[in-house]
Protein chains: 4
Amino acid sequence: MNTLGQILTLTTFGESHGPAIGGVLDGFPSGITVDMEYVRECMQRRRPGQSTVTTGRQEQDEVEFLSGLLDGVTTGAPIAFIIRNTDQHSSDYDELKDIFRPSHADYAWLQRYGIRDWRGGGRSSARVTAPICAAGALSTMALRKMIPALEITAFTSQIGPYSTNPANDMDYSAAMAEKNAVRCPDSCLAAKMEEYIHEMRSQQDSTGGCVTCIVRGLPAGIGNPVFDKLEASLAKAMLGINAAKGFEYGDGFASASQRGSEHNDAFCIEKGRITTATNHSGGIQGGISNGSPIRFRVAFKPTPTIGQEQHTVTIDGKETTMEAKGRHDPCVVPRAVPIVESLTALVILDQYLTSK
Amino acid sequence: MNTLGQILTLTTFGESHGPAIGGVLDGFPSGITVDMEYVRECMQRRRPGQSTVTTGRQEQDEVEFLSGLLDGVTTGAPIAFIIRNTDQHSSDYDELKDIFRPSHADYAWLQRYGIRDWRGGGRSSARVTAPICAAGALSTMALRKMIPALEITAFTSQIGPYSTNPANDMDYSAAMAEKNAVRCPDSCLAAKMEEYIHEMRSQQDSTGGCVTCIVRGLPAGIGNPVFDKLEASLAKAMLGINAAKGFEYGDGFASASQRGSEHNDAFCIEKGRITTATNHSGGIQGGISNGSPIRFRVAFKPTPTIGQEQHTVTIDGKETTMEAKGRHDPCVVPRAVPIVESLTALVILDQYLTSK
Amino acid sequence: MNTLGQILTLTTFGESHGPAIGGVLDGFPSGITVDMEYVRECMQRRRPGQSTVTTGRQEQDEVEFLSGLLDGVTTGAPIAFIIRNTDQHSSDYDELKDIFRPSHADYAWLQRYGIRDWRGGGRSSARVTAPICAAGALSTMALRKMIPALEITAFTSQIGPYSTNPANDMDYSAAMAEKNAVRCPDSCLAAKMEEYIHEMRSQQDSTGGCVTCIVRGLPAGIGNPVFDKLEASLAKAMLGINAAKGFEYGDGFASASQRGSEHNDAFCIEKGRITTATNHSGGIQGGISNGSPIRFRVAFKPTPTIGQEQHTVTIDGKETTMEAKGRHDPCVVPRAVPIVESLTALVILDQYLTSK
Amino acid sequence: MNTLGQILTLTTFGESHGPAIGGVLDGFPSGITVDMEYVRECMQRRRPGQSTVTTGRQEQDEVEFLSGLLDGVTTGAPIAFIIRNTDQHSSDYDELKDIFRPSHADYAWLQRYGIRDWRGGGRSSARVTAPICAAGALSTMALRKMIPALEITAFTSQIGPYSTNPANDMDYSAAMAEKNAVRCPDSCLAAKMEEYIHEMRSQQDSTGGCVTCIVRGLPAGIGNPVFDKLEASLAKAMLGINAAKGFEYGDGFASASQRGSEHNDAFCIEKGRITTATNHSGGIQGGISNGSPIRFRVAFKPTPTIGQEQHTVTIDGKETTMEAKGRHDPCVVPRAVPIVESLTALVILDQYLTSK
């Protein structure tokens, strides 16, 4: 249930206010040297509290590896790692013990399990995505060795009313995205997005947005034709991120209003090898990569935790109102960027291992 | 690989031009009486050649059950079924043997497996979705017994430039959708869509579109919090349909431009039970159903097979042009409606069985 | 549930008296040429009615392949195949409808599923092993291409009081075993076994026995260290055969009375490569092959269907007596030989694919 | 790969000389109160260094739970736990870095992964069974709530030349087995076994043995008919224990020399309910429990680590001799008893959850 992947599997565990969160990465190739500094950087990118646009909550996210490594090299044994929960103010959540927060998983979870960890969302907290970043860092290192040309770049493509033009998607680099706090590679737009997030914060409100991801350098022939399609595996992984509401690849929902004659990607020969003249398909046909860049987009809803007064009910079934105390993250999208990259690395490595 | 589901699994097999296609449904509850007439109806709905808007190809799609039934009642043993391929004109495809059709899986498949079944798309043909409808019919019968209030309704919500208004989604019934060939519950719009499809056909072109699906009557508490989320499982299943390019649930991509204060669904008490005042969430929170209707939408690209001349390359790497002969289906969307319903029934039954 | 394997999976279906039995082999390598004559031979070996020591029941076991092949070559798509049930005398079983046959699965199945296919054991019939042989034949063909030196040889090593000496295990060849009806490579012993089986038949009784299997030519490094160990996978597969009661590999149960100094296999150098001086381990250490021959043994109980009068109860809970009518198979062991070989081929190929 | 189970899954990780070993138990029922004292006891039973018959190595085996619990009650979230490795003398193993220990997994592992953790066997160490005991303790607590009558009792039934009489299996209780260091319920035999182990130690040698397990109180109808049979799942789990060489249930290998008329278990009525007059079947028929006690036996080889001089080769392929330094465990069988019980609890709970 808490496991993603077929051959390379990531099992995550942990709640926001338990002793630790973590994961077990199984089926990982042996002989990969782990660059701990790179892992730390990847964790750091997801971490709240790094910039003015994110939550003030401080999560140190120090990863401890427990197994699967010998002198920093993977051995083929399962790689377990944990991240201690340190900045937990469980008592902050005491008042939430008897209430269902609107658009949070509280009510659904209680109906499912008959018991609920009310402390900061428990297993449904965004904090549970931290282990994904550690696993993504490792997967990226394996991919770099196996497919040196591979490059996975995700960036913020929409915040509230501001979006990049999909026509420019292929012009953006990871470096451009990392230049600003919202992780939007268009610096002009980035400034507006940042301002909009500050506005939401000042209004005790929040905003949604989108992350776009481009995978360059994946050879043709990676994926599977039915059910475990490359795009279906990506969709499942992305919809697994907290607050994700949609997934599209290639021209996505825009394809619905296109004609075949405009959507079809003609094959052609470029520098002696087969490629496509356009890439409306987003690099995947029939579940399998076709050698063109993979391109997909993930939509995120606005953070449900807002400071404004909201109508809700208590666990006893009484109507009431609530307002979230403290300082909240008005937009999760910039922090979702490294999670999207991490899950992409995991899915690609898994599909690569099954396609060999 | 060719298997969907956790406890209830559907494994499909077959190519468009092999002897037969079919599936094995395992983990299916025992004691369910199978209404063969209903199975036939479900198969009939997906079948091409039923109306003026679909392909002229005749597929009889007669399902033969091979196991798992005793006097028409399920026994708990795996239910295998096959559908013979009868209307195969493999020779029609002889000219495609040495060519990669644009935006088809031909090239990607050959790179993946080193061998390709060129006859009508082989395993990548839309024909492989037929077993899904048989399995969906069975799952629907099990759900009717287990959750009598459950109702799954899918309909065409977009064809090319014509779309329904999402605000009306909840007003549409299955009966309204089945009244016309395009399966759009808005009869006015349906007429325009039908005309548009005919126009595409006369231009040797094709069009994309969208299917919307509503699940009413699912109790709260069905689903899983991480990775195997209800929405992630639906996304994976839907992206598994041929030509699917996107998935969104609740307000989906529109959430990206919303504020928390407008997106959040306030809990309230209605007739003594907890419900939500609005349903921007689409009935799922944190991977688990919350008792409100599930609502999602799937985007489909235009059929890649078109009669117009297209640029492409041969398997020897030479550039060439091609045009698909014969009569093609200019829009798969109406036929995708029963597939979306079937996969939804499969996913819901599987998640229900894991959540008990 | 009805699936074996990790990467290469075999899902079987079918009951002895339904329309057909069969299987789906998924994850099978592409590019393997299928020798249909070899498949037929493998099926023929398992089939009852071939000799004087087996049941008189005639099963033609004609395999029809439905998918995954193009001009007799595997394409990487799932390979489905069916075997029609022809010689069904369901009415023979009418009298068993209301009775639980001793040491059959009738009672347990009814408790599990609340419904029971009483016709010839239904899903619990030995007939369900036929698809295993078809899948085994295919796996053997793939292994021959991938590991040309590999050789899997199973033979009858015990029937009732007569057993071969394990010390001679390595001297026996498949050809020696196939020379007689009981499939025992020691012709002297084979004659006694055959006579014993005839004696059991004349007494309306049955006998148990053992099958030994030797895998030569498997390179070191195939398998997995924890849970999915090569020996654990073999054990699971073998205990999946009807009537199997035990599994041991290497010195097996005899190891329990050995000392480390006699059981340990010293490493040595032979013709420039590392090998072991003895093979008490049976070719596997810590879940992974060590390059020495794999050696294991499977115990089978006597066929529960016997002609003698037996005490039992009706489904209404009344004590009664019964005696099985007709001609029964007094010993399943010779027919289990090809099943053991087939499952071994499946497990080895699966573990080989995971270990690459 | 490192995961056991279908619905309830245990993934273990860790090497003997890494920072920690542990596990993740997923799919565990919510609402089970965890008795930490009981977990500690279960861990303690497996731990070496408790008595004169085991190794002198001190493993504290303090379990830390990281997730899935709220105030000591399971929440339905994955339960992760770790056990720090404290008594590691990695340097003790320095001399083993360049040598393959006879009948250890060293050589096979290196061939599999191209890298080997030479420190105390790494992932192939017996230490990796510790997490199984923690998971077993939790599973036992869930079973006690779900099937109050259930009782799982394992005991040492053979050490070298000394074995209990299977005819007495049903007379032994857990209390009787726990009275002595070898965990044999026959105190007379226990004394001889203990003496024999001491003799092996003084000779720098080791001995094999057997563990028998009895499961009382499991209702009929738990299990699955094909491949995932109850007995096949038990076999796989047991063969997953380090040094296990064989598995048999019911009359096991003895069935091979029996006749149907003596092996068959007649059904009869006892106190108004259906049961069997004898239990040669070992409580399972066709993969499903029949309501009689489950009875099986596991064979273990002698510990491969012995003090005597042994012939072996270096990783450079040179022949050499070695002798294990320090104090070794001449018999793992008494410590395997709680591991057998734990795995039985895991398998039974998993099969129970799939059979509901």
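Note that this is a predicted model, so its numbers are computed, not measured.

Focus: the overall build of chain A
A count of helices and strands for chain A gives 8 helices and 18 strands. Computed over C-alpha atoms, the radius of gyration of chain A comes to 21 Å, within 12% of the 21 Å expected from 2.2 N^0.38 for 356 residues, which places it in the range of a compact globule. Taken along the three principal axes of its C-alpha coordinates, chain A extends 70 × 50 × 35 Å. In chain A, which comprises 356 residues, the share counted as buried stands at 68%. Carbon together with sulfur atoms contributes 48% to the accessible area of chain A, which is approximately 11,100 Å² in total. Distance between charge centroids for chain A: 2 Å, based on 34 positive and 40 negative side chains.

Some remarks on the interface of chain A and chain B
In this assembly, 101 residues from chain A lie in contact with 102 residues from chain B. Regarding the contact of chain A and chain B, the summed buried area is about 7,900 Å², with carbon and sulfur atoms giving 60% of it. For the chain A face of the interface with chain B, the top three residues by lost area are A:Phe227, A:Lys245 and A:Phe267, together amounting to 11%. Taken together, chain A and chain B are joined by 4 salt bridges. A salt bridge links B:Lys236 to A:Asp228, with the nearest nitrogen and oxygen atoms 2.7 Å apart. Linking chain A to chain B there are 41 residue pairs in polar contact (both at pLDDT 80 or more).

Examining the pairing of strand β11 (residues 244-249) of chain D
In terms of residue burial, β11(D) counts as a mostly covered element, since 6 of its 6 residues are buried. Here strand β11 (residues 244-249) of chain C pairs with β11(D) via 3 bridges, running antiparallel. Paired with C:Phe247 across the bridge in β11(D) is D:Phe247.

Some points on the packing of aromatic side chains
Enumeration over the complete set of coordinates arrives at 38 aromatic pairs over all chains. For the pair D:Trp109 and D:Tyr113, a centre-to-centre distance of 4.6 Å together with 40° between the ring planes defines the contact as tilted. Highlighted residues: D:Trp109 and D:Tyr113, both in helix α2 (residues 106-113), separated by 4 residues, approximately one helical turn. The burial state of D:Trp109 is the same as that of D:Tyr113; both residues are buried. An aromatic cluster of three or more residues is present, and its members are A:Phe100, A:Tyr107 and B:Phe267.

Side note on the environment of D:Ala105
Here D:Ala105 is to be found in the loop between β7 (79-84) and α2. You can call D:Ala105 buried: its relative accessible area is 8%. For the pair D:Ala105 and D:Ile197, spaced 92 residues apart in sequence, the C-alpha separation works out to 24 Å. Those residues in contact with D:Ala105, other than ones at most four positions away along the chain, are C:Gln285, C:Gly286 and D:Ser124.

Some thoughts on the sheet that holds strand β2 (residues 9-13) of chain C
Residue and element names in this part refer to chain C. Taken together, the 5 strands give an open sheet; going across it, the order is β1-β2-β3-β7-β4, and neighbouring strands pair in antiparallel fashion. Each end of this open sheet is capped by a strand with a single partner; those strands are β1 (3-4) and β4 (63-65). Taken together, the 5 bridges between β2 and strand β3 (residues 20-26) define a ladder with antiparallel strand orientation. When the sheet's bridge partners are listed, Phe 13 is paired in β3 with Gly 22.

Considerations on the pattern of salt bridges
All chains considered together, the criterion is met by 60 salt bridges over all chains. Two residues, B:Asp61 and B:Arg127, come together in a salt bridge whose shortest N-O distance is 2.8 Å. Here B:Asp61 is found in the loop between α1 (36-46) and β4 (63-65), whereas its partner B:Arg127 is found in the loop between α2 (106-113) and α3 (130-146), with 66 residues between them in sequence. The class of B:Asp61 is buried, set by a relative accessible area of 4%. For B:Arg127, a relative accessible area of 4% corresponds to the buried category. D:Asp251 serves as the salt-bridge partner of D:Arg295, at 3.3 Å between the closest nitrogen and oxygen. Here D:Asp251 lies in the loop between β11 and α7 (260-263) and D:Arg295 lies in strand β16 (residues 294-300), a separation of 44 residues in the sequence. By relative accessible area, D:Asp251 is classed as buried at 15%. Bridged by salt links that share partners, the residues A:Arg45, A:Glu178, A:Arg183 and A:Glu341 form one connected network.

Some words on the relation of the copies chain A and chain B
The operation relating chain A to chain B is a screw motion whose rotation component is 180°, with 0.0 Å of axial translation and a residual RMSD of 0.0 Å. What we have between these two chains is a two-fold relation. Comparing interface residues between copies, 100% of those in chain A also lie at the interface in chain B; the contact surface is shared.

Looking at the environment of A:Leu70
Residue position: A:Leu70 is located in strand β5 (residues 69-70). Apart from residues no more than four positions distant in its own chain, A:Leu70 is found in contact with A:Thr75, D:Arg116, D:Asp117, D:Trp118 and D:Arg119.

Calculation criteria
- Residues numbered from 1 in each chain as written.
- Chains lettered and ligands numbered in written order.
- Predicted model: local features only at pLDDT ≥ 70, side-chain atom pairs only at ≥ 80, totals over all residues.
- Heavy atoms only, no water.
- Helix = DSSP H or I, 4+ residues; strand = E, 2+ residues; numbered from the N terminus.
- Rg over C-alpha atoms; globule rule 2.2 N^0.38 Å.
- Buried < 20%, exposed > 50% of the residue type's maximum accessible area, 1.4 Å probe, protein only.
- Areas by Shrake-Rupley, 256 points an atom, 1.4 Å probe, with all protein chains shown as cover.
- Lys, Arg positive; Asp, Glu negative; His and termini not counted.
- Charge placed at Lys NZ, Arg CZ, Asp CG, Glu CD.
- Contact = heavy atoms within 4.5 Å.
- Buried area = accessible area lost by both parts, 1.4 Å probe.
- Salt bridge = Lys/Arg side-chain N within 4 Å of Asp/Glu carboxyl O.
- Polar contact = N/O pair within 3.5 Å; in protein donor to acceptor, adjacent residues only side chain to side chain.
- Pairing = 2+ DSSP bridges.
- Phe/Tyr/Trp six-rings, centres within 6.5 Å; stacked < 30°, edge-to-face > 60°.
- Least-squares fit on C-alpha atoms with pLDDT ≥ 70 in both.

Just distances and angles here, no functional claims.
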